[in-house]
Every structure is written in structure tokens, then in C-alpha cells.
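The residues making up each chain are set out below.
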Amino acid sequence: MAAQIGALHEEIRVEPELAPLGRIAVALYDPRTDLLKTFIHSSDGESPLDHATAPLSGLPSLVELARVHGTRTLNDLSEVARSGHEYAARLVSFGYYSSHTVPICGREGLRGFLFLNGIVPGFFTQRVLRRLKPYGDLIAQMVLRELDALHSMQSTVKVLLQISAVRDGETGGHLARMARYSRAIGLRLAAPLGFSDEFVEYLFQFAPVHDVGKISVPDHILLKPGPLTPDEFKVMQGHVERGVEIVDLAVGDFGFISTAHLRMLRQIVACHHEKLDGSGYPQGLKGADVPLEARIVAVADVFDALTSRRPYKAAWSNADAMDALRHDVAENRLDGACVEALAECMSEIVDIQVLFGETVVG
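Residues numbered from 1 in each chain as written. Predicted model: local features only at pLDDT ≥ 70, side-chain atom pairs only at ≥ 80, totals over all residues. Heavy atoms only, no water.

Novice: Please clarify how the overall build of the protein chain should be interpreted in this entry.
Specialist: The number of helices and strands found in the protein chain is 14 helices and six strands. A total of 362 residues make up the protein chain; the buried ones form 52% of that total. At a minimum sequence separation of 6, the contacts of the protein chain that also span at least 24 residues come to 63%. Accessible surface for the protein chain amounts to roughly 16500 Å². Of this, 56% is attributable to carbon and sulfur atoms. (Helix = DSSP H or I, 4+ residues; strand = E, 2+ residues; numbered from the N terminus. Buried < 20%, exposed > 50% of the residue type's maximum accessible area, 1.4 Å probe, protein only. Contact = heavy atoms within 4.5 Å. Areas by Shrake-Rupley, 256 points an atom, 1.4 Å probe, with all protein chains shown as cover.)

See below:
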């Protein structure tokens, strides 16, 4: 989607009157955590607000915009910055001196905000706003269409995930937590590894689908309390291939998401059981051949499995779980950067655990 927004931005700036539009950005809203999070942008150079999150409740002007479905125009961001507004100061420091904000609302309510920034003060005149409105409406529809496509894809596999969860003791809380752990790890790694907020968002959206193929594993294997025999383990390993087939059906036949993101989704499902030392399955990938998104999801998944109570085990403490993850790093099974990124956001992890508490099934 970032490429589409970038192409549209170039088209807009061909018009001399609209050439000072230096930045188009979209932030998404997660109502379950009240977080507003940067998503995509097209900017002159680097984005001033990459990898940023903030509670929407702490941004009263945006809360009001969402409530009344209004818009906000600030034609002198320097003045706003002088009043102590952090985000305005960052925008000004990157050469943006005016701002126009529009809430993006769909059938499910507030989904995010569209931010437009001019490289000159006073850019957003009434005439300019009238010229930009069709473009803003188009961008909002593009975002809503993409989010609705993700929702449709997730709804398609939701029943399968729920059935699988009931069968093997995993819960909806597990999926909510490990998706947010994955996102937290992704945010910590985004700057040093140079990937985008768009990557982080799709990582968050796709992580809960990782084990959808478990629906294909027979009960006597999936629910077996003791170790699996070699033949049983081979059957269990087959859930990865079945998961990829389910994803291909949901995406390919129904066209729920763009091909640009299909690769990430397939790699999460296909590779989250791979290990850096080659001992994982089904392909026995080693080192950098294990996709980054799969390495992140693997760490999030193992951590939540260890720290969750199940009918057959007590929950480990976060400290003990981190010790176990670091042992796997030392044995070259898990990615050390992903594990340390998780450790760096432990206060956020605790908040997630409180908000999405465990409900044991069975």
C-alpha cells in the first residue's frame, strides 16, 4: 500500500498549487489497546514519526475529531511546536509547517487518521482543501479496503483457529498476546534493521494465523499428553503444509489480501517452526534462510506458550521464560536479536498479559 500512496502523492504534486504537499501519512487505531500507531507514509525523505505509538485517549484533539467526524487544519505548526507539542516540533524539524488531519472511519467505527503536511505555512487554504478532498477520500477508501480485506481473511480462518484452540488448549488470549508480542519485537527491530511500519502492522495482523494448520491434526496426536512417536511427530509436522494450503485458499480463491503481503503471510505459516541451527521443520532451514517474520513469530509464540497456564502445565514466570529463550539462543535455535527485543519491552509485555489474560480451555 505504501507504493500506491507514494504514486498518488507524486500525481498530486504535479499540480503546481498542490506541490507543497510534502507528506501523506496514515496511522491506524487499535481499539482493544487504545493505541494509535504509525502505518504508512509518503514523505520528502525520512518520516519524522516512524515507529511511533501513543494512546489515543492522550490526544484529546484527535479524540474530538473522531467523535464529531470532523477535520483539523493547523496552518502554523511552528506556533504549535512552541507551545510544547512534541509531534508538531518533530514535524517542524523535518521541514513541515502546516497540517491537515482527517479521521478514517468504517463500519466498525474509527480505524485511523489521515495526516497531510505542507512544506510551507498557510498551505491548506480552502481552495487547496477542496482540491485535496477527492484524493483524501480515495486514500481513506484504499486503507479501509485493505483493512476490510484483512478482516475478511481473518474471519475466514477464525472458526478454524477457534476449533483448533478448543482442541489443543490454546485460547483466543494466546493469539491476541502473541500477535502483540510479535508487534512489540518488530517495533524494536524496525529502526536497526530498516523495515517499515507497514511491515510491523502486517506482522501483527498475520501472526495469529501461524498455526491454522493444526485443524488437520487428529485428536489422538494433537491431544496426546506424552511424547509423540516418530510417526506421530511426522503427522504433527504436516500441520505446516496444511496451514499454507488454507492460507492459499483464503487468499487465492477469495482475493482477501494483495500479493504484496501474501509472501509474508505464507512465510509466517510455513516457517515458524524452523530453527536457526537447521533442526526445525518442515524444511530444515538454517540461519538467515529462516525469514525474519517467522523468527519473530517463533519467539513470541514460544514465550507465550511458556508463560501461559494449560491443563497439563503451570505458567512459567516471565523471568524463567526469558532464561529458556536465551538458552535456545545459545543453542542457535532462536534469533538472539528477537529475544533481546522482547526483553527490552517487558513492561509492555506485562501490560499485554494483564489486558489479554489467560482463559484456559479444557
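Novice: Hey, could you run me through unusual backbone geometry in this one?
Specialist: Note: most residues except glycine have negative phi, and most peptide bonds are trans. Here tyrosine 281 and proline 282 are connected by a cis peptide whose omega angle stands at 5°. Relative to the helices and strands, proline 282 resides in the loop between α10 (259-271) and α11 (292-307). Positive phi, normally seen in glycine, also occurs at aspartate 34, with a value near 65°. Its location among the elements puts aspartate 34 in the loop between β1 (21-30) and β2 (35-43).

Novice: So what exactly am I meant to see when it comes to helix α13 (residues 336-344) here?
Specialist: Think of an α-helix as 3.6 residues a turn; residues three or four steps apart then line up on the same face. Listed in full, the buried residues belonging to α13 are Cys338, Val339, Ala341 and Leu342. With its buried residues spanning 160° around the axis, α13 presents them on a single face. Of the residues flanking the start of α13, the one acting as N-cap is aspartate 335, its side-chain oxygen 2.9 Å from the backbone nitrogen of alanine 337. (Arc of directions from axis to C-beta. Polar contact = N/O pair within 3.5 Å; in protein donor to acceptor, adjacent residues only side chain to side chain.)

Novice: Quick question: what am I supposed to make of the pairing of β2 here?
Specialist: Consecutive side chains along a regular strand alternate between the two faces of the sheet. Most of β2 sits out of view: seven of its nine residues are buried. With eight bridges connecting them, β1 and β2 associate as antiparallel partners. If you follow arginine 23 over to β2, its bridge partner there is serine 43. Hairpin remark: β1 followed by β2, antiparallel, with four residues in the connecting loop; positive phi at aspartate 34, about 65°. With three bridges joining them, β2 and strand β3 (residues 53-55) adopt antiparallel strand pairing. (Pairing = 2+ DSSP bridges.)

Novice: Sorry, what's going on with the packing of helix α12 (residues 318-330) against α13 here?
Specialist: Angle between the axes and distance between the axes are the two parameters that describe a pair of packed helices. Packing of α12 against α13 brings their axes to within 9 Å, and their N-to-C directions diverge by 160°. In terms of axis orientation, α12 runs roughly antiparallel to α13. In this structure, the crossing between α12 and α13 has a hand that is left-handed. Seen from α12, the contacting residues are Met322, Leu325, Arg326 and Val329; seen from α13, they are Gly336, Val339, Glu340, Leu342 and Ala343. Among the residues making up the contact of α12 with α13, the classes are represented as six nonpolar, one polar and two charged. (Axes fitted to C-alpha atoms, helices over the stretch in contact; angles between N-to-C directions. Parallel < 35°, antiparallel > 145°, perpendicular 65-115°, else oblique. Left-handed = near helix turned anticlockwise from the far one by under 90°. Nonpolar A, V, L, I, M, F, W, Y, C, P; charged D, E, K, R; others polar.)

Novice: Would you mind showing me how to read helix α2 (residues 60-68) here?
Specialist: The complete set of buried residues in α2 reads Leu62, Leu65 and Ala66. Along the long axis of α2, the arc covered by the buried residues comes to 95°, so they all point the same way. Residues Pro60 and Arg67 are exposed on α2 and point more than 90 degrees away from its buried face. Residues of α2 that are buried make contact with β2, β4 (72-74), β5 (98-106) and β6 (109-118). Directly beyond the C-terminal end of α2, a positive phi value near 55° is found at histidine 69.

Novice: I tried to follow the sheet that holds β1 on my own but got confused; where do I start?
Specialist: Whenever strands of a sheet pair, they do so through backbone hydrogen bonds, lying parallel or antiparallel. Taken in spatial order, the six strands of this open sheet run β3-β2-β1-β6-β5-β4, and their pairing is antiparallel. Either end of the sheet is taken by a strand with one partner, and the two such strands are β3 and β4. Ignoring strand direction, the axes of neighbouring strands in this sheet form an average angle of 25°. Helix α1 (residues 2-13) contacts β1 and β2 of the sheet and is inclined by roughly 145° relative to β1.

Novice: It is not clear to me how the nonpolar core should be interpreted in this structure. Could you clarify?
Specialist: Where a protein is soluble and globular, its nonpolar side chains tend to be buried together. Counting residues in hydrophobic clusters, the biggest one holds 81 residues, and the most contacted among them are Val26, Leu132, Ile185, Phe303 and Leu342. The dominant element in this core, judged by the number of residues it contributes, is helix α5 (residues 126-168), at 11 residues. With residues up to four places along the chain from it excluded, the contact list for leucine 342 reads Tyr181, Ile185, Val299, Phe303, Met322, Leu325 and Ile349. If you look at the next biggest cluster of nonpolar residues, it comprises 13 residues, including Tyr29, Leu36, Leu59 and Phe113. (Core = buried A, V, L, I, M, F, W, Y, C linked by side-chain atoms within 4.5 Å.)

Novice: Sorry if this is basic, but what is going on with the pattern of salt bridges here?
Specialist: Opposite charge on two side chains permits them to pair, given that their charged atoms come into close proximity. Evaluation of the coordinates by the stated rule reveals 20 salt bridges. Residues arginine 177 and aspartate 304 are paired through a salt bridge, measuring 2.6 Å at the closest nitrogen-oxygen approach. Taken together, the residues span a long stretch of sequence, with arginine 177 in helix α6 (residues 172-193) and aspartate 304 in helix α11 at a distance of 127 residues. An identical accessibility class is assigned to arginine 177 and aspartate 304; each is buried. Arginine 242 serves as the salt-bridge partner of glutamate 245, at 3.0 Å between the closest nitrogen and oxygen. Note that glutamate 245 and arginine 242 are positioned in helix α9 (residues 230-253) at a spacing of three residues, about one turn of the helix. Classification of glutamate 245 by relative accessible area gives partly exposed; the value is 41%. Judged by relative accessible area, arginine 242 falls into the partly exposed class, the value being 30%. Look at the salt bridges and you will find they share partners, linking Glu15, Glu17, Arg127 and Arg131 into a network. (Salt bridge = Lys/Arg side-chain N within 4 Å of Asp/Glu carboxyl O.)

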